[in-house]
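# Commentary on secondary and tertiary structure
Spelled out, the chains give:
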Amino acid sequence: GSNADASLSTFGGSNTKAALLRVGLLEMIKFCKLFFENVQESTFLESCGIADLITTCYSGRNRKCAQAFAQERCKARTSRDTYTHEPEKKCLELWSNLEKELLNGQKLQGTLTCEEVYM
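Attention in this report is confined to the structure presented alongside it. Model, not experiment: these values are computed from the prediction.

### Points about unusual backbone geometry
The residue N38 is not glycine, and still its phi comes out positive at about 60°. Considering the arrangement of structural elements, one finds N38 in the loop between α2 (14-35) and α3 (47-59).

Dropping the structure here:
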């Protein structure tokens, strides 16, 4: 397999990935029930639920960039650049560069929303 496959295998196999998907789906259901009345659990079995979750986790643009980010951070640690000088700035630069390099003009999903909520 590729380096990406090898690095993902380090964090767990198919059972681990399936367990994380399950937790993600349960969190989606909990969130929707908290903020929206009359949510039907069957909705999460539609393409807008579990199918979208699987697609996003295995091939979405956020996953693609997150994997590249983790790989770059691992490389930086082994080359003794540990992001100790202005780590937040370096992380933001890395995210920005990966977005430009990997997404052909598309943007990461949700990052601006998270930033607005956090700030």
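There is more to say after this.
### A closer look at the environment of T111
Inspection of the secondary structure puts T111 in helix α6 (residues 111-118). Residues T111 and N62, spaced 49 residues apart in sequence, show a C-alpha to C-alpha distance of 9.2 Å.

### A closer look at the nonpolar core
Membership of the largest hydrophobic core is limited to six residues, which are L21, L25, I29, C32, F44 and L53. Here this core gets four residues from one element, more than from any other, and that element is α2. Residues in contact with L21, not counting those within four places in the same chain, are L53, I54, C57 and Y58. A68, F69, C91 and L98 belong to the second-largest nonpolar core, a separate cluster that totals five residues.

### A few points about helix α5 (residues 87-102)
Counted at 1.5 Å a residue, the expected span for α5 with its 16 residues is 22 Å, and the 22 Å between its end C-alpha atoms agrees. Here α5 has its buried residues at C91, L94, L98 and E99. Mapping the buried residues of α5 onto a view down its axis gives an arc of 130°, with all of them on the same face. Within α5, the exposed residues directed more than 90 degrees away from the buried face are L92 and K100. Contact partners of the buried residues in α5: α4 (61-78). N104 sits one or two positions beyond α5 and adopts a positive phi of about 50°.

### A short note on the pattern of salt bridges
Under the counting rule described, the total for this entry stands at three salt bridges. With a shortest N-O distance of 2.4 Å, K33 and E41 are connected by a salt bridge. A relative accessible area of 42% means that K33 is categorised as partly exposed. Judged by relative accessible area, E41 falls into the partly exposed class, the value being 47%. Note that E72 and K75 form a salt bridge whose closest N and O atoms lie 3.3 Å from each other. You can see E72 and its partner K75 sitting in helix α4, three residues apart, about one turn around the helix. Of the residues examined, E72 reaches a relative accessible area of 31% and is grouped as partly exposed.

Thresholds, definitions, all that
Residues numbered from 1 in each chain as written. Predicted model: local features only at pLDDT ≥ 70, side-chain atom pairs only at ≥ 80, totals over all residues. Heavy atoms only, no water. Helix = DSSP H or I, 4+ residues; strand = E, 2+ residues; numbered from the N terminus. Core = buried A, V, L, I, M, F, W, Y, C linked by side-chain atoms within 4.5 Å. Buried < 20%, exposed > 50% of the residue type's maximum accessible area, 1.4 Å probe, protein only. Contact = heavy atoms within 4.5 Å. Expected span 1.5 Å × (residues − 1). Arc of directions from axis to C-beta. Salt bridge = Lys/Arg side-chain N within 4 Å of Asp/Glu carboxyl O.

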